[in-house]
Amino acid sequence: MQTIYTDLLCIGAGLAGERAAVEAAQAGLGVICISLVPARRSHSVCAQGGMQAALGNCAMGEGDSPDVHFADTVKGSDWGCDQEVARLFANTAPIEMRRLAHWGVPWNRVVPGVHTYYKGGKPFKKQEKKEHEGLIHARAFGGTAKWRTCYASDGAGHSVLYTMDNRAAQLGVAVHDRMEALSLIHDGHTCLGAVVRSLRTGELVAYMAKATLVATGGFGRIYRHSTNAVINDGGGHIAVLDTGVVPLGNMEAVQFHPTGIVPTDILVTEGCRGDGGTLLDVNQERFMQIYEPEKAELASRDVVSRWMVHHIRQGKGVPSAYGDHLWLDIRHLGQKHIRSKLREVDEICQSFLGIDPVRQLIPVRPTQHYSMGGVRTDKTGAAQGLKGLFSAGEAACWDMHGFNRLGGNSLAETVVAGGIVGQTIVEYIQGAEVSISTRTVADAVQRDQARIDALLQGRNGMENAYDVREAMFDVLEDAAGIYRNGADLERGVARLQEIHARARRIALRSNGLGANPELALALKLPGMVRLALCVAYGALNRTESRGSHTREDFPERNDRDWLNRTLATWPDGADLPRLTYEPASKVWPLPPGDRGYGGGTIIPATPTTAPAAGE
Amino acid sequence: MARNLTFHIFRHNPADPASTPHMDTFVLNETAAMTLFIALNRIREEHDPGLQFDFCCRAGVCGSCAMVVNGRPALACHTKTRDLPESVTLLPLPFFKLVGDLSVDTGVWFREMYQRVESWIHTAKAFDPSKKEARMANATAEAIYELDRCIECGCCIAACGTARMREDFLGAAGLNRVARFRLDPRDERKDADYFHLIGDDAGIFGCMGLLACEDVCPKHLPLQDQLAALRRKMAGTALRRTLPFFRDVKKIRKK
Ligand SMILES: Cc1cc2nc3c(=O)[nH]c(=O)nc-3n(C[C@H](O)[C@H](O)[C@H](O)COP(=O)(O)OP(=O)(O)OC[C@H]3O[C@@H](n4cnc5c(N)ncnc54)[C@H](O)[C@@H]3O)c2cc1C
Ligand code: SF4
Ligand code: SF4
Ligand code: FES
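A quick note: this is a predicted structure, and the numbers were derived from the prediction, not measured.

## Section: unusual backbone geometry
All names here are of chain A. Across the junction of Val262 and Pro263, the peptide omega takes the value 15 degrees, indicating a cis bond. Topologically, Pro263 is positioned in the loop between β12 (254–261) and α6 (271–274). A cis geometry characterises the amide bond from Trp398 onward to Asp399, with omega recorded as 25 degrees. Counting through the fold element by element, Asp399 comes out in the loop between β18 (396–397) and α11 (409–431). In this structure, Gln284 takes a positive phi of about 55 degrees despite not being glycine.

This is the structure in structure tokens:
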């Protein structure tokens, strides 16, 4: 077996992982990023909309400031976020956008003069200032008081990730692609690296490091329908949960986006509805105005998704080979608008559905989109529970998103958190003396090798990996989707416990040699079911509705009892996670109040539970 | 609708001593809006769980899923089966190292390419976090983005005659990368510096200009224009390098 030593091991080479890697490499440390795919294929590359930072350069962003960005973020989180972190984030984002410009991102820039823009399908005028010519421009996004989202045409994620990877290459950061972390190497106190399986040869490699960063992105692929890349299956979260000592935060907070296309769940942007697109049912009739007379299609993501599912449940969905869906209609916006302002939507429809959105309806349904939950860290990015372990990006619960994240805030988080956590890691490594017990390493590798051997020899049982995965998908869809209730969740948790047992009895049907995909799935599935249990069990216990977590039987946001964050750990050999709770925030510069959208009632905090006023 | 599709798929697992390269056949019932992404996953789930292929975004933006579809390099995720005949032949991209079945190693090749063309902004300026960003014309930003859109799928290289003949050829993707940095005012490199990187047969002078690359590029990058412009610039730079000789030629002509 091969052993590789380095100062910093980044598990994940998306934006968060590479931003932290760059920080450490600049400080002269040795850094290796491992990734399932070449760095530039990481999911960060898919983000099109852009990233939020209060630069205030454009006309519609005038008067913007980190204060306004902070307030939008806290409201967006439905007061579930850590307000110290939200503040740090809002303050740092403008600097990071400028740094990215310095490194090579072709941000769109302010063009002075009068320009037309659309709102609710109607044209309006705005005037860009001469003195701001050539500064970074911004576009509108949901839930923000100002136009604050910096963008590079329709490929912000692509441009930023390519630029970051260029910078990493320049600094000599090594990226080992087609390498999958299976478990963390630790002694119960300190993290020492990871056991990694080569997706070329199937061999195990031990990566030993003074510091380990988990930046593995979201775990959307525990759901059947997700906008996420197919690699976003929670491998990093599983490794962390399996330490038994590091908690995952707010796993029940899962965001759904109203318009994933059917059948492949590729996202078509919120801009369709923003520009005046409508949702239709099986009779080609609008329905959102029935449920939300005022905002209709333009209610927030969680609200629209909720009503769509409700409407399908009323038997108004359009049946298809891939299940029931609804229609998105943008035909009335006209060819000119669609081919220019919604160019990307046009391309997706033509390339993936073979339909022309100028003349045809787009089949859509709400789809899993973002994981607010993740590896619980403090505000510096250090994970709870193990020294030398850090996390950043979508994988982390840092936690600036609380129970709902705003569009454009995630991509910005990856670089802001990557920079801050990278700095923490540099300080940690410079002060750290790590002694590595060869015994601990050998034991960790041996454990994973034994799992592989058992699968290769078919010693576990007769279960088919794909069937087990389907069963998990079914339960999450039934119990832990957009609407949740106690009875379904209770049944779901029980079923997931059975599926967890089945996942441990998988037999391979192929030979498992080399980069065998069936073996990769078989190794991961028990962990994926454990993540599903963290989601479902966390949701069962949280008897309120907050942000994207909606309980039909507890429709109120309950600040009296639930102004807190769920922490889930998985004790060795357990068949359920252990849940504990901590206050959502240590400080409350913005005391809990109404979000200003989405409606719903709030049970206020009582004098004894009210958070102390902020500094 | 409801055709039966026959897939002929290249198979070889280099990690299995018993494996030899061969073709396997699978039959699937076609469904509405089926893509090769859906078809290959169904083959894996229903017929052969060991089948190796790469998808990641399955949305045409990450570049993972390039393969040769009925003789032509293409992204499998945005190939609809209804645009294909009933018989579909799938081969891995040539040129890149085979990982197994339809999966090839583009990552290592592209990483070496970045090092070769030094794919980053070369500047003497340090970043100052206390200052506003340097200004740039929006038109310049958009022009850079247009070339930045390459998704490193490898289709252009798989289709390229020169790449078939020389392993060290930079390919359209590598040359396009140089064009992207030449365009960027933040990069302080001069043509002489670029000549040093690409001024030979492994670079721009290896390109025969037949433009198979542009035909297959799924992002429709303007490769033709970029390669032609680079060839002109680099030829000019070559001429200036041999300036003493060049002057002599002029003198002789004058006479
Ligand atoms: C379709 C879509 C559009 C989006 N658009 C926007 C937008 O416009 N604005 C915005 O702010 N946000 C957007 N988001 C969200 C945002 O893109 C992501 O949250 C963000 O890019 C995550 O970055 P990351 O660095 O944390 O992880 P990723 O970019 O997902 O990187 C994860 C890395 O970890 C590696 N990895 C995973 N598991 C393992 C393992 N077990 N071993 C080794 N390596 C592993 C992967 O290979 C990869 O390199 C969008 C998301 C989607 C799905
Ligand atoms: S034009 Fe040049 S790079 Fe493109 S395919 Fe032909 S030889 Fe290759
Ligand atoms: S230039 Fe086009 S074909 Fe070549 S790698 Fe880039 S996107 Fe693919
Ligand atoms: S899977 Fe990403 S381009 Fe096809």
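Having seen the model, we can carry on.
## Quick look at the pairing of strand β1 (residues 2–11) of chain A
Residues and elements named next belong to chain A. With seven of ten residues buried, β1 lies mostly within the body of the structure. As judged from the nine bridges shared by β1 and strand β10 (residues 204–214), these two strands associate in the parallel manner. Residue pairing in the sheet places Leu8 in a bridge with Ala211 of β10. Across four bridges, β1 lies against strand β2 (residues 31–35) in parallel orientation. In the strand pairing of β2, Ile11 is matched with Ile34. What joins β1 to β2 is helix α1 (residues 15–26), and the crossover it makes is right-handed.

## Some details on the UniProt feature "active site" (unreviewed entry) in chain A
Residue and element names in this part refer to chain A. Here the UniProt-annotated "active site" (unreviewed entry) positions come out as Arg301. Tracing the sequence through the fold places Arg301 in helix α8 (residues 301–316). Its relative accessible area of 13% is what places Arg301 among the buried residues. Contact partners of Arg301, with chain neighbours within four places excluded, come to Gln255, Phe256, His257, Pro258, Glu270, His369, Arg405 and Gly407. At a separation of 3.1 Å, a polar atom in the side chain of Arg301 contacts the side chain of Gln255.

## Re the pairing of strand β15 (residues 362–371) of chain A
When a strand is regular, its side chains alternate between the sheet's two faces. All names here are of chain A. Among the ten residues that make up β15, ten are buried, leaving the element largely enclosed by the rest of the structure. Strand direction decides the pairing type here: β12 and β15, joined by six bridges, are antiparallel. By the bridge assignment for β15, Ile261 is matched with Val364. Bridge analysis of strand β14 (residues 326–329) against β15 gives three bridges, and the strand direction is antiparallel. From the neighbouring strand, Leu326 faces β15, where its bridge partner is Val364.

## Concerning the confidence of the model for chain B
On average, residues of chain B score 92 in pLDDT, and 94% of them reach the 70 mark or higher. Interface confidence for the predicted complex, expressed as ipTM, amounts to 0.94; the pTM equals 0.95.

## Thoughts on the site of ligand 3
The environment of ligand 3 is formed by B:Cys150, B:Ile151, B:Glu152, B:Cys153, B:Gly154, B:Cys155, B:Cys156, B:Ala173, B:Cys217, B:Pro218 and B:Leu221. Across the shell around ligand 3, the residue classes break down as nine nonpolar, one polar and one charged.

## Things to note about the packing of aromatic side chains
The description of two aromatic rings rests on the distance between their centres and on the angle between their planes. Inspection of the entire model under this criterion finds 13 aromatic pairs over all chains. Look at A:Phe390 and A:Tyr428: their rings are 5.5 Å apart centre to centre, the planes differ by 65 degrees, and that puts the pair in the edge-to-face class. Of this pair, A:Phe390 sits in strand β17 (residues 389–391) while A:Tyr428 sits in helix α11; the two residues are 38 residues apart in sequence, bridging distant segments of the chain. A centroid spacing of 4.8 Å and a plane angle of 85 degrees characterise the contact between B:Trp109 and B:Phe110, whose relative ring orientation is edge-to-face. Given the relative accessible area of 2%, B:Phe110 is considered buried. The structure contains a cluster of three or more aromatic residues connected by ring pairs, namely B:Phe95, B:Phe96, B:Trp109 and B:Phe110.

What counts, and where the lines are drawn
- Residues numbered from 1 in each chain as written.
- Chains lettered and ligands numbered in written order.
- Predicted model: local features only at pLDDT ≥ 70, side-chain atom pairs only at ≥ 80, totals over all residues.
- Heavy atoms only, no water.
- Helix = DSSP H or I, 4+ residues; strand = E, 2+ residues; numbered from the N terminus.
- Buried < 20%, exposed > 50% of the residue type's maximum accessible area, 1.4 Å probe, protein only.
- Pairing = 2+ DSSP bridges.
- Right-handed = clockwise from strand over helix to strand, strands pointing away.
- UniProt positions renumbered as here; feature names shortened; annotations may be inferred.
- Contact = heavy atoms within 4.5 Å.
- Polar contact = N/O pair within 3.5 Å; in protein donor to acceptor, adjacent residues only side chain to side chain.
- pLDDT = per-residue confidence, 0-100.
- Near = heavy atom within 4 Å.
- Nonpolar A, V, L, I, M, F, W, Y, C, P; charged D, E, K, R; others polar.
- Phe/Tyr/Trp six-rings, centres within 6.5 Å; stacked < 30°, edge-to-face > 60°.

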